[in-house]
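Notes for the structure review
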Amino acid sequence: MEDCLFCKILKGEIPADKVYENENVIGFNDIAPQAPTHILFIHKNHTSNFNDITNNDPEGLVQVCEAIAEHTEKSGLKDAGYRVVSNIGETSGQSVFHTHFHILSAPRLGRFGS
Ligand code: 5GP
Ligand code: ZN
């Protein structure tokens, strides 16, 4: 996807602070963190949102989930506690239309917004 920001990060056209990478998935720090830890996990294959990856690349979805589990276990985030968020559609706050999962962690995260 030529105009997709996260595909550009995957191609190395835009720099990113990567914290995780395997054959299929990368994790990188969000450029505008909303919590002390704010990482984005994406699959290397482009899909546009959670429903798209679920319906059209379920294996890819599992690979992203496994990468999140692996990274959060190795880095201590699982023990510290963290939240996974995926915005679907503009009204939810989605601004990049390449499926991504926000990993948020803080000593005490606020509750969900309205
Ligand atoms: P969304 O709003 O679609 O749920 O999440 C997109 C996220 O991508 C936002 O939290 C935003 O801060 C982050 N973001 C936007 N542009 C860049 C960028 O160039 N690099 C990085 N690392 N994150 C970005
Ligand atoms: Zn993309």
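Before reading on, note that the structure itself is shown above.
First things first, this report covers the structure right here in the doc. (Residues numbered from 1 in each chain as written. Chains lettered and ligands numbered in written order. Predicted model: local features only at pLDDT ≥ 70, side-chain atom pairs only at ≥ 80, totals over all residues. Heavy atoms only, no water.)

**Observations concerning the site of ligand 1**
In the region of ligand 1, 16 residues are neighbours, and Asp 30, Asn 87, Gly 93, Ser 95 and His 102 sit closest. Here an oxygen atom of ligand 1 sits 2.8 Å away from a polar atom, N or O, in the side chain of Asn 87. With the chains in place, 83% of the 520 Å² that ligand 1 exposes on its own is no longer accessible. Elements with a contribution of two residues or more to the shell around ligand 1: α1 (5-11) and β2 (25-29). Looking at the shell around ligand 1 element by element, the count peaks at 3 residues for α1. For the shell around ligand 1, the class distribution of residues is 8 nonpolar, 7 polar and 1 charged. (Near = heavy atom within 4 Å. Polar contact = N/O pair within 3.5 Å; in protein donor to acceptor, adjacent residues only side chain to side chain. Areas by Shrake-Rupley, 256 points an atom, 1.4 Å probe, with all protein chains shown as cover. Helix = DSSP H or I, 4+ residues; strand = E, 2+ residues; numbered from the N terminus. Nonpolar A, V, L, I, M, F, W, Y, C, P; charged D, E, K, R; others polar.)

**A few points about the side chain of Thr 47**
Position of Thr 47 relative to the elements: it lies in the loop between β3 (37-43) and α2 (50-56). With a relative accessible area of 6%, Thr 47 lands in the buried category. A polar side-chain atom of Thr 47 sits 2.6 Å from a polar atom in the side chain of Thr 99. In this view, Thr 47 contacts Asp 52, Ile 53, Asp 57, Phe 97, His 98 and Thr 99; residues no more than four positions away in its chain are not counted. (Buried < 20%, exposed > 50% of the residue type's maximum accessible area, 1.4 Å probe, protein only. Contact = heavy atoms within 4.5 Å.)

**Some words on the pattern of salt bridges**
Scanning the entire structure with this criterion turns up 4 salt bridges. One salt-bridge network, held together by shared partners, links Lys 18, Glu 21 and Lys 44. (Salt bridge = Lys/Arg side-chain N within 4 Å of Asp/Glu carboxyl O.)

**Section: the nonpolar core**
One finds Tyr 20, Val 25, Ile 39, Phe 41, Ile 53, Leu 61, Val 64, Ala 67, Ile 68, Leu 77, Phe 101 and Ile 103 forming the largest nonpolar core, which totals 12 residues. Elements supplying a minimum of two residues to this core: β3, α3 (58-75) and β5 (101-105). The element best represented in this core is α3, accounting for 4 residues. Sequence-distant contacts of Phe 41, that is, excluding residues within four places in its chain, are made with Tyr 20, Val 25, Ile 26, Gly 27, Val 64, Ala 67, Ile 68, His 71, Thr 99, His 100, Phe 101 and Ile 103. Formed by 9 residues, the second largest nonpolar core is a distinct cluster that contains Phe 6, Cys 7, Ile 26 and Ile 42. (Core = buried A, V, L, I, M, F, W, Y, C linked by side-chain atoms within 4.5 Å.)

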